[in-house]
Amino acid sequence: MEFVEGWRLSDLDDATRAGIDGRALAVHGADVFMRQVLVTGRYHADLHPANMFVTPDGRICYLDFGIMGVTRPDQREAIAQVLAATVYGDADRALTYSAQLGLIVPAEKHLHVRHRV
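Report follows, based on the coordinates. All values derive from a computational prediction rather than experimental measurement.

About the thresholds
- Residues numbered from 1 in each chain as written.
- Predicted model: local features only at pLDDT ≥ 70, side-chain atom pairs only at ≥ 80, totals over all residues.
- Heavy atoms only, no water.
- Phe/Tyr/Trp six-rings, centres within 6.5 Å; stacked < 30°, edge-to-face > 60°.
- Helix = DSSP H or I, 4+ residues; strand = E, 2+ residues; numbered from the N terminus.
- Core = buried A, V, L, I, M, F, W, Y, C linked by side-chain atoms within 4.5 Å.
- Buried < 20%, exposed > 50% of the residue type's maximum accessible area, 1.4 Å probe, protein only.
- Contact = heavy atoms within 4.5 Å.
- Salt bridge = Lys/Arg side-chain N within 4 Å of Asp/Glu carboxyl O.
- Pairing = 2+ DSSP bridges.
- Axes fitted to C-alpha atoms, helices over the stretch in contact; angles between N-to-C directions.

**Observations concerning the packing of aromatic side chains**
Step number 1: One pass over the full model with this rule turns up 1 aromatic pair.
Step number 2: Judged by centre distance (6.0 Å) and plane angle (80°), the rings of Phe 33 and Tyr 43 are edge-to-face. Residue Phe 33 is found in helix 2 (residues 22–40), and its partner Tyr 43 is found in strand 2 (residues 42–44); the two are separated by 10 residues along the sequence.

**Concerning the nonpolar core**
Step number 1: Residues Trp 7, Ala 15, Ile 20, Leu 25 and Val 54 constitute the largest nonpolar core, which totals 5 residues.
Step number 2: If sequence neighbours within four positions are ignored, Trp 7 has contacts with Asp 14, Ala 15, Ala 18, Ile 20, Met 52, Phe 53, Val 54, Thr 55 and Pro 56.

**Some points on the pattern of salt bridges**
As a working rule, side chains carrying opposite charge can pair if their charged atoms are close by.
Step number 1: On inspection of all chains with the given rule, the structure shows 4 salt bridges.
Step number 2: In this structure, Asp 57 engages Arg 59 in a salt bridge whose closest nitrogen and oxygen atoms are separated by 3.0 Å.
Step number 3: The partner of Asp 74 in a salt bridge is Arg 72, with the nearest N and O atoms 3.0 Å apart.

**Points about the sheet that holds strand 4 (residues 60–62)**
Pairing between sheet strands relies on hydrogen bonds along the backbone, with the strands arranged either parallel or antiparallel.
Step number 1: Across the sheet, which stays open at both edges, the 3 strands sit in the order 1-3-4 with antiparallel pairing between neighbours. Whereas interior strands pair on both sides, the edge strands pair on one side only; in this sheet they are strand 1 (7–8) and strand 4.
Step number 2: Summarising the sheet, strand 1 and strand 3 (residues 52–54) pair through 2 bridges and their orientation is antiparallel. Each residue of the ladder has a partner; that of Trp 7, found in strand 3, is Val 54.
Step number 3: Across the sheet, helix 2 touches strand 3 and strand 4, and the angle it forms with strand 4 is around 45°.

Next up, the structure:
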């Protein structure tokens, strides 16, 4: 254990006043988490404001590693495909790869997506 100086995510007003860029921090946080899930296959599975600090130099510090998750290579591929399907608005692709992850959406529950022209 060690002392970490910084602000909880719920106290970002103080961090902002100290010069921390909240938008850059959010982008970095998303990148770090996706790297954990999709590249290393191990991730902090209990992320909430009390388990994350922002340090004075703008780094993210995870606390309390009591709950960790692991993803296999096939799961990482399926997660990446679901994310890509979300970006491209491809509902069929999202449903196919979600099913590989164990999420089955009954046919009567499928949403019909309409694209604006």
